[in-house]
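Each chain, letter by letter, is given below.
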Amino acid sequence: MVMPRREKEIFGDLASLAATPGFAHIIAYFCARDNFTWYKDEMRAEDMQHLYSRSRLIRTEMFTLVGLMARANPDYDALPPEDPAGVAAQAEALLEELHQSMTMPWSEAFGEAMANGELRNPWTSADAMREPIFYGGEAAFSVQNCDFAGEKYAADDTWLIEHKGASISDMITVAKSIGDLHAEKVADVVHTGPAPVGDPRFLPAFTFTATELEPRLEISQERIKASIEAFALRRGQGNLGFKSLHDFNAATATPIIQVGEDRFILFHFNALADALYESPFYWLGADRKYASTALKHRGQYTETFALRRLSKVFGPARVYQGVNIDRAKGDRLAEIDVLVLFGDRAVVLQAKSKRLTMESRRGNDLQLKGDFKAAIQDSYDQAMDCSAALRDSSLRFSTPDGTVVEVPDNLTQIFPICLVADHYPALAFQTGQFLVPRVVPAVLPPLVIDVFTLDVMTEILNRPLRFLSYLELRSLFGSKVSIHHEITLLAYHIKYNLWLDDEYDFVALEDDFAADLEIAMGARRAGLPGKKTPDGILTAIKGRRIDALIKAIEAEPFGPMIDLVMLMYQLSGNSMKELAAGVDGVLQSARMKGSSDFTLGFAHAGLTIHANFRPRTEAEPRLLAHMTLRKYTQKAPEWFGLCLDPRTGAIRFGEKISFPWKYDSKVARMAADLGKPTRPAPAARVGPKLGRNDLCHCGSGKKYKKCHWAAETG
């Protein structure tokens, strides 16, 4: 095996290559190849597979090339290199060698530990963590960065207009227009015939002028120009500080390159969208008089963002912001940033606005762990303290306006969420390596995410028990899964259900699982042609009676019934379809016969459904007896039961029994007779006596004489 050279040498060779006259044409080709998707009629996952290929250049690699080229202050009007395919191949080879070089710290640490028979974690050093941080993937969908920038900086508009000449909404509108223009130009190139490496048509496709944008926008010429210049790397400004891979690269903060008085190049629209969300923070912070105000606005944005997104799922009445926890007047213990109360479940969200610093990206151990503590560990510790407090009935909970928050005494599950306001590279991976966990009764392991992931979760899992089910399954199986980004795991869950059998000790998920989810978000937010809901657990029972039952439970959450739905959501797709068919069959049979039942056993529990017209005083004991026998037969620790109205399919009542299984000879004999055929009893009914030609009481729509008359009068 040939060992890669030192990173510094490889970086130097990349810099020399990027200074090649006409190298901008090579970058333009890479951007067209690796950032655009072509489809017919409707976008499908297979149309996006090249975007998840290991051979694709990710944005951090692409902008390493852009930054090095800008550092050389090239002539952007130069023709393509004499051997463009050779130059492109050399660039990709150097980037691959750079990747191999960055893996050496953890690879060597792992090999050394294996040779010594040690079980040392090779990822504990910041030097080893540089690789997953650099190759951690995209921060967010571009539509999220654009839209959220408007929320994030709305309170700072006065400063932006005064100091930058345009509002944040102006900047977003101009950025989207540039993206649309580029897409049209690149499409024109592709549709006019084969476009090989170095094709001189690509670079003009990424070039634009403010004059081109004016007819497309209803914004003044001055604000259009100001919006462009705010994110432009000026002519002659260069990028001289970019001397190593993890130095500040001005091309990421100012991704628009000025090449003439009114001529600019933007190679990557997602980079501009990302800069829209990130760069204003640094502008505002650089103004010492305004910095504290900007920080205050940023903290408010993160909490308000979480409040709005969670309210969308659970309803505003169940979501509270800034909940104070007091032992007595003047004795404040803590504050919950956002609290959700749903039946006997709670979500405790703590938000932080800390970010990963440049020193951490360079491999500074102390700084990396300090950043993680400030952004994640402190948030987690606060969430755990607040979660434990929720189970202390002696404490008082109230909102800033003095409204008392009534916390249920019997909380059975508390889900902590640690939320960061910005993209935090390799967040899931760093959490697995650095988080110091605690054990608190009824509190599950935390979900550590950024605002972009929370947005996708609340958009797709937009019903309470769907959302809580993911939190539960994530806490149960998250430690078994290796992912680059939380979106990958969420996409897998939506497609297959995140339930991993005991036979799986470790599962690695590739990023291409996220293709259907990315299409869904594009269809919902940007109007792209594609499925707004990926096929899978969200579509398996849509429109079925079982889904209506779950919605009824969500409308009036009751602990045991929440348990039941959470259990249902752990079923495989086939089992869920079997349950849906069972519910439909029970109702149809009960309308014909007056009563019917259905039972489905799970791994450690089960569900029995009765549908009948009997009064509750009779129906409830019968259901409980049936549940008890089924529970005994399966030796399950708990069992659920539902009684449905055959006419409407609505839930009449629900039950849960839970106690350890033990042998009982009497129950065993009764259970042995369960399911044996017996003489059918007349169907019970409630109401006035019916005539032969009246509609039958069972709701079948048939006349009484052709339905239940013979059974009830014979």
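Residues numbered from 1 in each chain as written. Predicted model: local features only at pLDDT ≥ 70, side-chain atom pairs only at ≥ 80, totals over all residues. Heavy atoms only, no water.

(A) Looking closely at the overall build of the protein chain. A tally of helices and strands in the protein chain yields 27 helices and 16 strands. Expressed along its principal axes, the backbone C-alpha trace of the protein chain runs to roughly 100 × 60 × 60 Å. Put simply, the protein chain has 714 residues, and 52% of those count as buried. Long-range pairs, those at least 24 residues apart, make up 70% of the contacts in the protein chain with a sequence separation of at least 6. Per element, the accessible surface of the protein chain, about 32,400 Å² overall, is 52% carbon and sulfur. Separation between the mean location of the 83 positive side-chain charges and that of the 91 negative ones in the protein chain comes to 10 Å. (Helix = DSSP H or I, 4+ residues; strand = E, 2+ residues; numbered from the N terminus. Buried < 20%, exposed > 50% of the residue type's maximum accessible area, 1.4 Å probe, protein only. Contact = heavy atoms within 4.5 Å. Areas by Shrake-Rupley, 256 points an atom, 1.4 Å probe, with all protein chains shown as cover. Lys, Arg positive; Asp, Glu negative; His and termini not counted. Charge placed at Lys NZ, Arg CZ, Asp CG, Glu CD.)

(B) The arrangement of the pattern of salt bridges in detail. Counted according to the given criterion, the structure contains 41 salt bridges. One salt bridge in this structure joins Asp455 and Arg525, with 2.9 Å as the shortest N-O distance. In this pair, Asp455 is assigned in helix α18 (residues 451-460) and Arg525 in helix α21 (residues 515-525), connecting sequence segments 70 residues apart. Residue classification places Asp455 among the buried residues on the basis of a relative accessible area of 1%. We note a salt bridge from Arg524 to Glu459, for which the minimum N-O separation is 2.9 Å. With Arg524 in helix α21 and Glu459 in helix α18, this residue pair connects regions lying 65 residues apart in the sequence. (Salt bridge = Lys/Arg side-chain N within 4 Å of Asp/Glu carboxyl O.)

(C) Inspection of the state of the cysteines at higher detail. The tally for this structure, following the rule as stated, stands at zero disulfides. The thiol sulfur of Cys386 is not disulfide-bonded, and the nearest other cysteine sulfur, from Cys418, lies at 11 Å. Cys418 sits in the buried class, given a relative accessible area of 1%. (Disulfide = S-S within 2.5 Å.)

(D) Quick look at the packing of helix α8 (residues 168-191) against helix α13 (residues 269-286). Direction vectors running N to C along α8 and α13 enclose 160°, while the axes themselves pass 9 Å from each other. Judged by the inter-axis angle, α8 sits roughly antiparallel to α13. Seen from above, α8 lies across α13 with right-handed handedness. Residues Ile168, Met171, Ile172, Ala175, Lys176, Ile178 and Gly179 of α8 lie in contact with α13, whose contacting residues are Phe269, Leu272, Leu276 and Trp283. A per-class count over the contact of α8 with α13 returns nine nonpolar, one polar and one charged. (Axes fitted to C-alpha atoms, helices over the stretch in contact; angles between N-to-C directions. Parallel < 35°, antiparallel > 145°, perpendicular 65-115°, else oblique. Left-handed = near helix turned anticlockwise from the far one by under 90°. Nonpolar A, V, L, I, M, F, W, Y, C, P; charged D, E, K, R; others polar.)

(E) Seen up close, the environment of Arg235. Inspection of the secondary structure assignment puts Arg235 in the loop between β2 (232-233) and α12 (250-253). Residues Arg235 and Arg44 lie 191 residues apart in sequence; the distance between their C-alpha atoms is 41 Å. If we skip the residues at most four places from it in the chain, Arg235 touches Gln258, Val259, Gly260 and Glu261.

(F) Broad picture of the pairing of strand β10 (residues 447-450). Across the two faces of β10 the burial is the same, with Leu447 and Ile449 and Val448 and Asp450 all buried. Direction of pairing for strand β9 (residues 413-420) relative to β10: parallel, over a ladder of four bridges. Each bridged residue has a counterpart across the sheet, and for Val420 the counterpart in β10 is Asp450. (Pairing = 2+ DSSP bridges.)

(G) Inspection of the sheet that holds β10 at higher detail. If you walk across this open sheet you meet the six strands as β8-β5-β6-β7-β9-β10, and the pairing is mixed. Edge positions in the sheet fall to β8 (396-398) and β10, since each has one partner strand and no second. Neighbouring strand axes in the sheet, compared pairwise and without regard to direction, differ in orientation by 35° on average. Pairing of strand β5 (residues 319-328) with β8 involves three bridges; the strand directions are antiparallel. In the strand pairing of β8, Ile325 is matched with Phe397. Running at roughly 70° to strand β7 (residues 345-352), helix α23 (residues 559-568) makes contact with β6 (331-342), β7 and β9 of the sheet.

(H) Examining the environment of Leu245 more closely. Along the chain, the position of Leu245 falls in the loop between β2 and α12. In this structure, Leu245 is in contact with Glu7, Phe11, Thr64, Leu98, Met102 and Phe134, ignoring residues within four places of it in sequence.

(I) Representation of helix α24 (residues 573-593). With 21 residues, α24 should reach 30 Å at 1.5 Å per residue; the first-to-last C-alpha distance of 30 Å fits that figure. Restricting attention to buried positions, one finds in α24 the residues Met576, Leu579, Ala580, Gly582, Val583, Val586, Leu587, Ser589 and Ala590. Buried residues along α24 sit in contact with α22 (545-555), α23, β13 (595-601), β14 (606-612) and β15 (638-644). Gly594 occupies a position one or two residues after α24 and carries a positive phi of about 100°. (Expected span 1.5 Å × (residues − 1).)

(J) Spatial organisation of a negative patch on the surface. Negative charge collects at one region of the surface, where Asp501, Asp502, Glu503 and Asp505 lie side by side. Judged by its relative accessible area of 64%, Asp505 falls in the exposed class. (Patch = residues over 30% accessible without salt bridge, like charges linked within 9 Å, V, L, I, M, F, W, Y side chains within 5 Å.)

(K) A look at the sheet that holds strand β3 (residues 256-260). One open sheet accounts for four strands, arranged β1-β4-β3-β2; its pairing is mixed. Whereas interior strands pair on both sides, the edge strands pair on one side only; in this sheet they are β1 (207-208) and β2. Taken together, the four bridges between β3 and strand β4 (residues 263-266) define a ladder with antiparallel strand orientation. Across the sheet, residue Gly260 finds its bridge partner in β4, namely Arg263.

(L) View of unusual backbone geometry. Its identity is not glycine, yet Asn73 carries a phi of approximately 50°, on the positive side. Relative to the helices and strands, Asn73 resides in the loop between α3 (59-71) and α4 (84-115). Asn73 gets classed as partly exposed once you look at its relative accessible area, which sits at 48%.

(M) Spotlight on helix α19 (residues 464-477). Between its terminal C-alpha atoms α19 stretches 20 Å, which fits the 20 Å expected from 14 residues at 1.5 Å a residue. With 13 of 14 residues buried, α19 is to be regarded as a mostly interior element.

(N) Representation of the nonpolar core within the structure. Phe467 and Leu579 are the most contacted members of the largest nonpolar core, which has 88 residues in total. Core analysis: the next-biggest nonpolar cluster, separate from the first, contains 51 residues, Phe63, Met102, Val189 and Phe206 among them. (Core = buried A, V, L, I, M, F, W, Y, C linked by side-chain atoms within 4.5 Å.)

(O) Structural detail: the pairing of β3. Across the five residues of β3, five count as buried, placing the element largely inside the fold. Bridge count between β2 and β3: two bridges; the pairing is parallel. The residue bridging Leu233 from the neighbouring strand is Ile257, located in β3. The loop that links β3 with its antiparallel partner β4 comprises two residues.

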